[in-house]
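Chain by chain, the residues:
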Amino acid sequence: MKELSGKTAVVTGAASGMGLAFADRFARAGMNVVMSDIEAPRLDEAVAGVAAHGTRVIGQVTNVADGDAMDELGARTIDEFGAVHVVCNNAGVAGNVRGGELNVAEWKWVLDVNLWGVIHGHRVFLPLLVEQGEGHIINTASMAGHLPGHGAYSASKWAVVGITQGLFHQMQGEQTGVGVSCLCPGFVSTEIHNSDRNCPEEAAPPALVEPSAEEEMRFNFLADMVTSGRPPAEVADMVHDAVLNDTFWIFTDLGMVQALKEKHDSIMENRNPQFPALPQQ
Ligand SMILES: NC(=O)c1ccc[n+]([C@@H]2O[C@H](COP(=O)([O-])OP(=O)(O)OC[C@H]3O[C@@H](n4cnc5c(N)ncnc54)[C@H](O)[C@@H]3O)[C@@H](O)[C@H]2O)c1
């Protein structure tokens with residue numbers, strides 16, 4: 001897209017962290033913004049802050065895992081603004097960051113939000129963008145969608161990277177005029193390490209109820225990495241520029257990107273992979 005001013009952006013997970021920064025950045029670019037999130041009070045506060053830039057900003061409480069709620073988000077957007085141009089499928093949860101036993105309900109929660117949220121975002125908004133012949137979808141994946149991992153978060157983000165690249169090729173092949181970006185952040189200073197605040201009761205793993213000392217240590221390590229990560233506003237600038245320049249990959253941590261080479265090399269050399277060396281924060 002070459003011009004954003006006067007157009008409409010939808011952002012999921014917009015009450016906090018990167019989603020809030022995206023909404024803010026697009027409003028500063030002159031866009032009207034639909035901010036959606038599962039957390040109602042924080043969303044109200046976030047909407048008031050973003051609306052201060054002077055464009056029309058509305059909030060819609062939405063659980064991205066709920067297909068009907070996502071249909072309502074699409075319908076409200078069209079009712080209010082008549083069109084949608086930029087869609088950030090961004091809402092996500094980290095799952096059980098303390099480790100512990102594999103928990104089926106927790107896997108379902110993480111996949112429902114991180115993967116199905118994106119699938120519903122495509123289902124609801126993509127036909128509108130394609131029909132219009134203009135628009136851009138940004139899916140928030142993660143470096144965890146490229147690096148080895150065996151938890152639900154990793155599975156969800158690998159899936160998001162895969163379907164986002166697939167969508168990019170489809171949109172290009174069919175010459176729809178719809179751009180696609182895959183955002184793969186390293187650590188960004190948000191509330192993601194506290195995402196169990198939105199965990200449905202049935203998905204809470206035992207570790208969340210009574211964490212062991214080792215599980216607490218894992219949490220503290222992740223919390224430190226996240227809180228010392230990049231400011232969300234810097235990532236929002238990258239996303240804004242990617243829409244204008246039609247850039248597919250958005251990596252926020254080039255040191256971590258270097259670690260991906262080991263996988264590629266191991267495939268090309270037909271040898272077993274080593275665990276990639278990650279840069280120190
Ligand atoms: N912060 C990082 O280091 C990092 C790194 C890589 C990827 N990510 C990804 O970035 C995205 C944004 O997360 P963040 O880091 O800004 O964290 P955050 O917790 O600050 O923001 C996430 C937002 O999503 C909302 N949310 C949670 N469940 C939801 C649901 N079911 N429906 C709708 N909204 C829901 C939360 O209420 C919150 O406002 C996520 O997809 C996350 O996986 C974050």
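Structural data are supplied above this passage.
Residues numbered from 1 in each chain as written. Predicted model: local features only at pLDDT ≥ 70, side-chain atom pairs only at ≥ 80, totals over all residues. Heavy atoms only, no water.

Student: I'd like a rundown of the pairing of strand β6 (residues 178-184), residues and numbers included.
Tutor: With 7 of 7 residues buried, β6 is to be regarded as a mostly interior element. Side chains Val-178, Val-180, Cys-182 and Cys-184 of β6 all project onto a buried face; the interleaved residues Gly-179, Ser-181 and Leu-183 project onto the opposite face, where all are buried too. Each parallel crossover has a hand, and for strand β5 (residues 135-140) linked through helix α6 (residues 152-173) to β6 it is right-handed. In the sheet, β6 pairs with strand β7 (residues 249-251) via 3 bridges, with the strands oriented parallel. When the bridges of β7 are listed, Cys-184 appears paired with Phe-251. (Buried < 20%, exposed > 50% of the residue type's maximum accessible area, 1.4 Å probe, protein only. Helix = DSSP H or I, 4+ residues; strand = E, 2+ residues; numbered from the N terminus. Right-handed = clockwise from strand over helix to strand, strands pointing away. Pairing = 2+ DSSP bridges.)

Student: Please provide a residue-by-residue account of the packing of aromatic side chains, values included.
Tutor: One pass over the full model with this rule turns up 3 aromatic pairs. On the basis of an interplanar angle of 40° and a centroid distance of 4.8 Å, the ring pair of Phe-168 and Phe-248 is categorised as tilted. Here Phe-248 lies in the loop between α9 (232-245) and β7 and Phe-168 lies in helix α6, a separation of 80 residues in the sequence. The buried category is assigned to Phe-168, whose relative accessible area is 18%. Its relative accessible area of 9% is what places Phe-248 among the buried residues. Look at Phe-248 and Trp-249: their rings are 4.7 Å apart centre to centre, the planes differ by 70°, and that puts the pair in the edge-to-face class. (Phe/Tyr/Trp six-rings, centres within 6.5 Å; stacked < 30°, edge-to-face > 60°.)

Student: Please provide a residue-by-residue account of the environment of Leu-102, values included.
Tutor: Assignment of secondary structure puts Leu-102 in the loop between β4 (86-89) and α4 (104-114). On a C-alpha basis, the gap between Leu-102 and Thr-12 in space is 28 Å, while along the polypeptide they are 90 residues apart.

Student: With reference to specific residues and values, describe unusual backbone geometry.
Tutor: Of note, the phi angle at Gln-175 is positive, near 50°, even though the residue is not glycine. By the element assignment, Gln-175 lies in the loop between α6 and β6. Given the relative accessible area of 72%, Gln-175 is considered exposed. The backbone of Asn-270 shows a phi angle near 50°, a positive value even though the residue is not glycine. Tracing the chain through its elements places Asn-270 in the segment after α11 (261-268). With a relative accessible area of 72%, Asn-270 lands in the exposed category.

Student: I'd love a proper account of the nonpolar core, names of residues and values included.
Tutor: A general trend in soluble globular proteins is that nonpolar side chains are found buried together. Counting residues in each nonpolar core, the largest one holds 41 residues, and the members touching the most others are Trp-109, Phe-125, Met-143 and Cys-184. When residues of this core are traced back to their parent elements, those giving at least two are α3 (67-81), α4, α5 (116-132), α6 and β6. Not counting residues within four places of it along the chain, the set of residues in contact with Trp-109 comprises Val-93, Gly-95, Ser-195, Asp-196, Asn-198, Cys-199, Pro-200 and Ala-203. Of all hydrophobic cores here, the second largest spans 32 residues; its members include Ala-14, Ala-21, Leu-43 and Ile-250. (Core = buried A, V, L, I, M, F, W, Y, C linked by side-chain atoms within 4.5 Å. Contact = heavy atoms within 4.5 Å.)

Student: Please give an account of the sheet that holds β5 that cites residues and values.
Tutor: Taken together, the 7 strands give an open sheet; going across it, the order is β3-β2-β1-β4-β5-β6-β7, and neighbouring strands pair in parallel fashion. In this open sheet, the two strands that pair with only one neighbour each are β3 (57-61) and β7. Put simply, the sheet's adjacent strands are angled 15° from each other on average, direction ignored. Bridge count for strand β1 (residues 8-12) against strand β2 (residues 32-37) is 5 bridges, and the pairing is parallel. Looking at β2, one finds that Ala-9 is bridged to Val-33. Across the sheet, α5 lies against β1, β4, β5 and β6, angled at about 170° from β5, the strand it touches most. (Axes fitted to C-alpha atoms, helices over the stretch in contact; angles between N-to-C directions.)

Student: With reference to specific residues and values, describe the environment of Gly-179.
Tutor: Along the chain, Gly-179 falls in strand β6. Among the residues examined, Gly-179 registers a relative accessible area of 7% and is labelled buried. Note: C-alpha distance between Gly-179 and Leu-129 (50 residues apart in sequence) is 9.5 Å. With near-sequence residues (within four places) excluded, Gly-179 lies in contact with Gly-135, His-136, Ile-137 and Asp-246.

Student: Give me the lowdown on empty space enclosed by the protein, citing residues and values where you can.
Tutor: Applying the stated criterion across every chain yields a total of 1 cavity of 30 Å³ or more. By volume, the largest cavity is sized at about 40 Å³. Residues of the lining of the largest cavity, tallied by class, amount to 4 nonpolar, 6 polar and no charged. (1 Å grid on protein atoms, 1.4 Å probe; cavity = no way out; pocket = protein on both sides within 12 Å on 5 of 7 lines; lining within 4 Å. Points joined across faces, edges and corners; volume = space filled by probe spheres on them. Nonpolar A, V, L, I, M, F, W, Y, C, P; charged D, E, K, R; others polar.)

Student: Lay out the site of the ligand in plain terms, naming residues and giving numbers.
Tutor: Ser-16, Asp-37, Asn-63, Tyr-153 and Thr-190 are the nearest of the 30 residues found near the ligand. Separating a nitrogen atom of the ligand from a side-chain N or O atom of Asn-63 is a distance of 2.8 Å. Between the ligand and Val-188, the relevant distance is 2.9 Å, taken from an oxygen atom to a main-chain nitrogen or oxygen of the residue. Across the complex, the protein chains shield 98% of the 820 Å² of accessible surface that the ligand would expose by itself. When grouped by side-chain class, the residues that make up the shell around the ligand number 13 nonpolar, 12 polar and 5 charged. (Near = heavy atom within 4 Å. Polar contact = N/O pair within 3.5 Å; in protein donor to acceptor, adjacent residues only side chain to side chain. Areas by Shrake-Rupley, 256 points an atom, 1.4 Å probe, with all protein chains shown as cover.)

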